[in-house]
Amino acid sequence: MATEQAYIAATRFGYGPRPGDLETIGRDPVGWLRAQVGDLSVPSELRGLDGSAPLLAETIRQQSSAQGFGAYLKDVARPILTHEVGRRTVAAVASDVPFRERLVHFWSNHFTVSAKRPQIVAAVGAFEREAIRPNIFGTFADLLVAVSQHPVMLMYLDNQFSFGPNSVASQQRDIGLNENLAREILELHTLGVGSGYTQDDVIALAKLITGWGVIRPGNNQDGTPGKFLFRSVGHEPGAKILLGKTYRRGGVREGEDALRDLAAHPATARFVATKLARHFLADEPTAGTIARLARVYSDTGGDLRALSLALIDSPEPWDDPLSKFKTPNDLIISSLRALNISTLPDKAVIGALGLLNQFPFTAPSPAGWSDRTADWLGPEALMTRIEWLRAVSNRAPMPNPVDWAEAIIGPVLSDDTRITVAQAQSRSEAVALVFASPEFQRK
Amino acid sequence: MLTRRQTLQRMTAAAALTVSPAGLRIAFGAVPTDKRLVIVLLRGGMDGLAAVAPYGEARYRRQRGDLALPGPGQAGGVIDLDGQFGLHPALAPLHALYGRGELAVAHAVGIPYRDRSHFDAQNVLENGTALPHSTADGWMNRAIAAMTNGDVPIGLAVGANVPLIMRGDARYTTYAPQVLPVAGADFLARLETMYRQDPVLAKTLAEAMQSKAMKADVLGDSANMGRGQGGGAYFREAFGAAGKLLADRNGPRVAVLDTDGWDTHAFQGASAGALSVQLGNLAGGLIQLQDGLGAAWRDSVIVVVTEFGRTAAINGTKGTDHGTGSVALLLGGAVNGGRVVTPWPGIDTRHLFEGRDLAPATDIRAVLKGVLRDHLGIAEGILEDRVFPGSRAASGMPGLIRA
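The rules behind these values
Residues numbered from 1 in each chain as written. Chains lettered and ligands numbered in written order. Predicted model: local features only at pLDDT ≥ 70, side-chain atom pairs only at ≥ 80, totals over all residues. Heavy atoms only, no water. Helix = DSSP H or I, 4+ residues; strand = E, 2+ residues; numbered from the N terminus. Buried < 20%, exposed > 50% of the residue type's maximum accessible area, 1.4 Å probe, protein only. Contact = heavy atoms within 4.5 Å. Areas by Shrake-Rupley, 256 points an atom, 1.4 Å probe, with all protein chains shown as cover. Rg over C-alpha atoms; globule rule 2.2 N^0.38 Å. Phe/Tyr/Trp six-rings, centres within 6.5 Å; stacked < 30°, edge-to-face > 60°. Lys NZ or Arg CZ within 6 Å of the ring centre and 35° of its normal. Pairing = 2+ DSSP bridges. Buried area = accessible area lost by both parts, 1.4 Å probe. Salt bridge = Lys/Arg side-chain N within 4 Å of Asp/Glu carboxyl O. Core = buried A, V, L, I, M, F, W, Y, C linked by side-chain atoms within 4.5 Å. Axes fitted to C-alpha atoms, helices over the stretch in contact; angles between N-to-C directions. Parallel < 35°, antiparallel > 145°, perpendicular 65-115°, else oblique. Left-handed = near helix turned anticlockwise from the far one by under 90°. pLDDT = per-residue confidence, 0-100. Arc of directions from axis to C-beta. Polar contact = N/O pair within 3.5 Å; in protein donor to acceptor, adjacent residues only side chain to side chain.

Engineer: Help me out: how do you make sense of the overall build of chain B in this one?
Structural biologist: A count of helices and strands for chain B gives 12 helices and 12 strands. Across the 403 residues of chain B, 60% fall into the buried class. Within chain B, residue pairs in contact and separated by at least 24 positions form 72% of the contacts whose partners lie at least 6 positions apart. When the accessible surface of chain B is summed, it comes to about 14600 Å², and 54% of that surface belongs to carbon and sulfur atoms.

Encoded structure:
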C-alpha cells in the first residue's frame, strides 16, 4: 500500500515514483533505499558511450589544427554533449535505483565540470561516468583523487599547463603556476570557503599538483592520448607547507597525499555534511544535523556508503515532507517517471532541460547548481514550468487522472488538489494540474 | 533571439509526433469512399444554451440572467435561425452556411450518461457505449474498421495526442499541430485554487500572472493572455491542416479534432467574454477547415460535439456548472441543413433535467448513427452491433444528409 513514508523515499531520495512504485516500495521504504546503497551497476542507457580519452584527444587535435574548431564544436562536440545529457536523463527516468542515480548527480554537481569551457564539451558526460559514478560508495578521499586527476577536471580548471616556478619546464620556457584548480579544491570541493585556509595554502596546493596534466596527441609522449599524465619536469621541486604540514615526498604522490589529508580535515567533514544535508534534508539544515553527519564522516574515514545510509536515517525528510522545492532537473525527471515515458527521444528531454535553465554539465560556475528553493522559484521560472508541464501533459493523458494522481502523490494529496484535479475539463488538463500542484512541485 | 514562448513551442513541436502530409497518403485505389467525416470534440462541456440560444422562449431571459444574449438586431445580439433559436454572435461566420443549408443544429442532445464527471462523460462520448470504462477503443476506430477491414489508414487524429475515439485496432495516422494549447487564464485560475494551501507558491504565481497581464497590456500581445486568444492559433492551425490533409484525393477520410477550454465555471460572459472568444476561435477554425477542404467540402460532414452541457441558470460566479443536454452542430456540403433539429424540451424549470440542466431529449448516438449510415454508408445493423453496441433504442436519425 502507498504510505507517506514510501512517497518520501521515492521523492526526496529518489526521482519520484512511476505508477506502481509506491506500492512496490510498500511498507519498507528504508529497506528499499538501503538496498540501493552500494549498487554500482551501470545503467544500460549509458553503455556504448565513448570514453573521455579519445574525445579529449580529438578535441585537442581539432583545437591545435586552428581551423574549423568552431565547426567541430557545433557539429561534433555539442551533439555528443546533447546525447550524453539525454542518455543520463533517460537513465534516471527509467532507473529502479533512483536514490543511487540522485547520489551520482549530487556528487557530479559537487565536483562540477561545465561545458561552458569549449575544450571539454564532448567529454563532460564521460567525466561523470569515469570519475564520479564508480566512486560514490567508496571514500571521499578516493573520489577526490579520482576527480582531481581526471583530464576533464584538469582541463576545466586549467591545471594541465600549471608548472612549478622552479621546475625544469619553467626554466626552459616562460610558463608557470596556475592556482585555479587548487583554489577550487579548497573552496568548493573540500574545506569550504571561510574555513581558515590562506592564499599561501592555495599556492602550496597548486605547487603540490603541478605537472598534473593530460597526454596530448602527437607529442611523442608515452601512453594513450587524452589520459592523465604526470609531467615530472613540470612539478615544483622542494618542500611545500599546506595547512601547517610540510610535504617533501615529491612526485605525483605528494599531491595525492595532500588531497587525502584535505579529505581527512574536520572542515571537509562539515562542508560535505552541509552540502549533503542541504540537498537531501533541508534548505537550511540545523547545526545538529550537520554535526551528526560530520561525525559519521569523521568516524568512518569519509566513507560515502556510511554517509548515504546516515542520510536515510536522518529524521528531517520523514518528519517534514514537501519542505524542499524541486530543481528543474528534478521536475523533468520526476514528471517523465510519473508518465512512465522512458523512451523519450533525447531531443525532447534536451529542450525541456534548456528551457527550464538547468541543462546538465552547463552550470554557470565551478560551484555547480544551487540546492536552495529561492534560487529556482521565481515568477518567470514558475510560469515556464507551468507552461512546459501543460505542454508535456498534452502528450500523455491518463485514462483516469484521479487514480493516477493517487499513484504519484496520493499519500500527500491535499483536498484542494484532489478536488481541482477531479474537476479538470480534460484528462490532459488533469495531468497538468497534478504536475503543477504544490505536492508535485515540492519534494 | 527566441522568446520563451517560441522556444517552448519549438520544443514541444519537436517532441510531438509530427507527420508530414506526404506520410499520410494512402495507396491509390485503396480509399473506400470519397466522403469525409470530421468530429470536433469540445472538451470541458460547452454551454449549448449560449452557442445556440432559445431566445424565443419566454423563460430564456429569466433563466439565464446576466448570461442572456440580446435579441436579433440588437448590439451583441443573437443571429436568428428560425424565430425560436439564434446563433451566438461569435458564431456569425457560420450563419451564411445555415442560409445555404449547409449547417444543421441538433439541440438538446446528450450522451447516455447522467453523472457530471468530465472524464467519464468524455469516455462515454468517445467509446460509443453507455458506460465510461466499457471499451478500450473508440467508436470512430470501430467505424473505420467497418469500412476498411482496418488495414487502410483512413483515420486521422489531429491534436497533441490520440483521443480515445480514434484508438483501437484499425490503422490511423496522426497530425500534431506545431502550436499546442498553452496554459491559459482558465488553467491558471485552477492553479490559484490549488496554491491556496502553499503561500510561497501562491505569491509567486500571483506575481507571475501580474507580470504576464502587464506584458500583455504593454505589448498588446493578446496571444499571451490566456485560454481564449492563446487557443486561437491552435484552432487556426489544427483545423486548417486537417482540411488540407482531408482534401487530398489519397488522404485520410475520417478525422477527429481535439479542443478544450469549454469549462466555463466563472465569468463566462454573454456577447463578449471568455466563452465568446472561444466560440469565435471555433467558428474561425471551422471556416479554416472549410477552406482547407476546398472542393471536398461538398462531400463533407463535420459534427461538433461536447461531453455535456451546462446548468441553465447562471451560478454564483457568473458562469455555469456541469449540466447534461447541449447542442451539436453539423456542417458541410453534404449536410441537409438550414434547420434546427430538436424535440425541444423547453427550459422552464419544470422541464429541466433534475430541475437544473437542459434535458437530453435526443441521444447523441442517434445523430452520429444517422450520419455514419447515410453519409458513410455503414449499415444500421453494424452500427448497432459493433460501432455503438447497445444503442438499439437510439436508432439512426434520418434526413441529416442531403439526398
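There is more to say after this.
Engineer: Quick question: what am I supposed to make of the overall build of chain A here?
Structural biologist: Each helix and strand counted, chain A has 24 helices and 4 strands in total. Computed over the C-alpha atoms, the radius of gyration of chain A is 23 Å, within 12% of the 22 Å expected from 2.2 N^0.38 for a compact globule of 443 residues. Taken along its principal axes, the extent of the C-alpha atoms in chain A is 75 × 50 × 40 Å. Taken across its 443 residues, chain A has 62% of its residues classed as buried. In chain A, once contacts between residues fewer than 6 apart in sequence are set aside, the share between residues at least 24 apart is 73%.

Engineer: Teacher, can you tell me more about the packing of aromatic side chains here?
Structural biologist: What characterises a pair of aromatic rings is the spacing of the ring centres plus the angle enclosed by the ring planes. Summed over all chains, the structure comprises 17 aromatic pairs over all chains. Ring geometry for Trp212(A) against Phe228(A): centres 6.0 Å apart, planes inclined by 90°, an arrangement best described as edge-to-face. Taken as a pair, Trp212(A) in strand E1 (residues 212-214) and Phe228(A) in strand E2 (residues 228-230) lie far apart in primary sequence, 16 residues in all. We classify Trp212(A) as buried; its relative accessible area is 0%. On the basis of an interplanar angle of 85° and a centroid distance of 5.4 Å, the ring pair of Trp404(A) and Phe435(A) is categorised as edge-to-face. Here Trp404(A), found in helix H21 (residues 401-409), pairs with Phe435(A), found in helix H23 (residues 427-436); they are 31 residues apart in sequence, far enough to count as distant. Judged on exposure class, the residue Trp404(A) and its partner Phe435(A) are both buried. In this structure an aromatic cluster arises from ring pairing among Phe13(A), Phe99(A), Phe106(A), Trp107(A), Phe111(A), Phe140(A), Phe280(A), Tyr297(A) and Trp318(A). Across from the ring centre of Phe353(B), 5.8 Å away, lies the NZ or CZ of Arg114(B), which sits over that ring.

Engineer: Before we go on, may I ask you to explain the pairing of strand E1 (residues 36-43) of chain B in this structure?
Structural biologist: In the case of a regular strand, side chains alternate between the two sheet surfaces. Residues and elements named next belong to chain B. Burial analysis of E1 places 8 of its 8 residues in the buried class, which makes it a mostly covered element. Neither face of E1 is left uncovered, since the one carrying Arg36, Val38, Val40 and Leu42 and the one carrying Leu37, Ile39, Leu41 and Arg43 both have all their residues buried. Judged from the 7 bridges that link them, E1 and strand E9 (residues 300-306) form a sheet pairing that is parallel. Its bridge partner lying in E9, Leu37 is registered against Val301. In this sheet, strand E8 (residues 254-260) lies alongside E1 in parallel orientation, the contact comprising 7 bridges. Looking at E8, one finds that Val38 is bridged to Ala255.

Engineer: Can you walk me through the interface of chain B and chain A in this structure?
Structural biologist: The figure often quoted for interface size is the accessible area lost as the parts come together. Contact residues are listed per partner, giving 47 residues for chain B and 45 residues for chain A. Here chain B and chain A share an interface that buries about 4000 Å² over both sides, 62% of which is from carbon and sulfur atoms. Viewed at the interface, chain A and chain B are joined by 5 salt bridges. Salt-bridge contacts for Glu429(A) lead to Arg190(B); the nearest nitrogen and oxygen are separated by 3.3 Å. Of all the secondary-structure elements, those providing two or more residues to the side of chain B that touches chain A are helix H1 (4-15), helix H5 (118-127), helix H7 (185-195) and helix H8 (199-219) of chain B. By residue number, the principal contributor to the side of chain B that touches chain A is H8(B), which donates 9 residues.

Engineer: In this structure, what is going on with the nonpolar core? I would like to understand it.
Structural biologist: The nonpolar side chains of a soluble globular protein tend to be buried, and buried together. Of all hydrophobic cores here, the largest spans 147 residues; its most connected members are Trp107(A) and Leu191(B). Per-element accounting of this core gives the leading share, 9 residues, to helix H5 (residues 69-94) of chain A. In this structure, Leu191(B) is in contact with Ile386(A), Leu433(A), Ala436(A) and Leu205(B), ignoring residues within four places of it in sequence. Formed by 61 residues, the second largest nonpolar core is a distinct cluster that contains Leu42(B), Leu69(B), Leu103(B) and Leu331(B).

Engineer: What is the right way to read the pattern of salt bridges from this model?
Structural biologist: Opposite charge on two side chains allows them to pair when their charged atoms are near. Scanning the model with the defined rule gives 50 salt bridges over all chains in all. Linking Arg133(A) and Glu101(A) is a salt bridge whose minimum nitrogen-to-oxygen distance equals 2.8 Å. With Arg133(A) in the loop between helix H7 (124-132) and helix H8 (140-148) and Glu101(A) in helix H6 (residues 98-110), this residue pair connects regions lying 32 residues apart in the sequence. Per residue, the accessibility class of Arg133(A) equals that of Glu101(A), and both read buried. Between Asp374(B) and Arg373(B) there is a salt bridge, with its nearest N and O atoms 2.8 Å apart. Look at the salt bridges and you will find they share partners, linking Arg18(A), Asp21(A), Asp96(A) and Arg337(A) into a network.

Engineer: Looking at this structure, I do not really get the packing of H5(A) against helix H18 (residues 328-338) of chain A. What am I missing?
Structural biologist: The relative placement of two packed helices is expressed as an angle between their axes plus a distance between the axes. All names here are of chain A. Where H5 meets H18, the closest approach of the two axes is 8 Å, and the angle between their N-to-C directions is 55°. As summarised for this structure, H5 and H18 are arranged oblique, according to the angle between their axes. Considering how the two elements wind past one another, H5 and H18 form a crossing that is right-handed. Facing Arg88, Thr89, Ala92, Val93 and Ala94 of H5, the residues of H18 in contact are Asn329, Ile333, Leu336 and Arg337.

Engineer: Please explain the confidence of the model for chain B as it appears in this structure.
Structural biologist: Low pLDDT means the predicted coordinates in that region are not meant to be read closely. Residue and element names in this part refer to chain B. Averaged over every residue, the pLDDT of chain B is 87; residues scoring 70 or more account for 86%. Scored below 50 in pLDDT, residues 7-22 makes 30 contacts in the model with residues more than four places away or belonging to other chains. Interface confidence for the predicted complex, expressed as ipTM, amounts to 0.88; the pTM equals 0.77.

Engineer: Could you clarify how one ought to interpret the sheet that holds strand E3 (residues 79-80) of chain B in this entry?
Structural biologist: For sheets, the rule is that strands pair by backbone hydrogen bonds, running either parallel or antiparallel. Residues and elements named next belong to chain B. Strands sit in the order E2-E4-E3 across an open sheet of 3 strands; the sheet is antiparallel. In the strand order of this sheet, the two ends are held by strand E2 (52-53) and E3, each with one partner. In this structure, E3 lies alongside strand E4 (residues 86-87), joined through 2 bridges in antiparallel fashion. Along E4, the bridge assignment pairs Asp80 with Gly86.

Engineer: Just to check I follow, could you spell out helix H22 (residues 415-422) of chain A for this structure?
Structural biologist: A turn of α-helix holds 3.6 residues, and therefore any two residues three or four places apart point the same way. Restricting attention to buried positions, one finds in H22(A) the residues Thr417(A), Thr420(A) and Val421(A). In a view along the axis of H22(A), the buried residues occupy a sector of 95°, so they form one face of it. For H22(A), the elements touching its buried residues are H21, H23 and helix H24 (438-441) of chain A together with H5 and H7 of chain B.

Engineer: Help me out: how do you make sense of the side chain of Gln36(A) in this one?
Structural biologist: All names here are of chain A. The residue Gln36 is located in the loop between helix H3 (29-34) and helix H4 (52-64) in this model. Polar side-chain contacts of Gln36 include one of 3.4 Å to the backbone oxygen of Trp32. Ignoring sequence-local partners within four residues, the contact set of Gln36 consists of Asp96, Val97, Pro98, Phe99, Arg100 and Phe137.

Engineer: Please explain the pairing of E9(B) as it appears in this structure.
Structural biologist: Residues and elements named next belong to chain B. Among the 7 residues of E9, 7 are classified as buried, and the element is accordingly described as predominantly covered. Neither face of E9 is exposed, since Ser300, Ile302, Val304 and Thr306 on one face and Val301, Val303 and Val305 on the opposite face are all buried. Bridging between E9 and strand E10 (residues 326-331) involves 3 bridges; their strand directions are antiparallel. Across the sheet, Val303 pairs through a bridge with Leu330, a residue of E10.

Engineer: Sorry, what's going on with the environment of Ala206(B) here?
Structural biologist: Residue and element names in this part refer to chain B. With respect to the helices, strands and loops of the structure, Ala206 is situated in helix H8. Judged by relative accessible area, Ala206 falls into the partly exposed class, the value being 40%. In this structure, the C-alpha to C-alpha distance between Ala206 and Thr362, residues 156 residues apart in sequence, is 44 Å.

Engineer: Help me understand the side chain of Lys369(B) in this model?
Structural biologist: Residues and elements named next belong to chain B. Along the chain, Lys369 turns up in helix H11 (residues 364-374). Residue class for Lys369 comes out buried when judged on its relative accessible area of 0%. Aside from chain neighbours lying at most four places away, what touches Lys369 is Glu380, Leu383, Glu384, Phe388, Ser391, Arg392, Ala394, Ser395 and Gly396.

Engineer: Sorry if this is basic, but what is going on with unusual backbone geometry here?
Structural biologist: Excluding glycine, residues mostly carry a negative phi; peptide bonds, for their part, are mostly trans. Residue and element names in this part refer to chain A. A positive phi is found at Leu322, a non-glycine position, where the angle reads about 65°. By secondary structure assignment, the location of Leu322 is in the loop between helix H17 (315-319) and H18. Phi at Phe361 is positive, roughly 70°, even though this residue is not glycine. By secondary structure assignment, the location of Phe361 is in the loop between helix H19 (346-355) and helix H20 (379-394). For Phe361, a relative accessible area of 8% gives the class buried.

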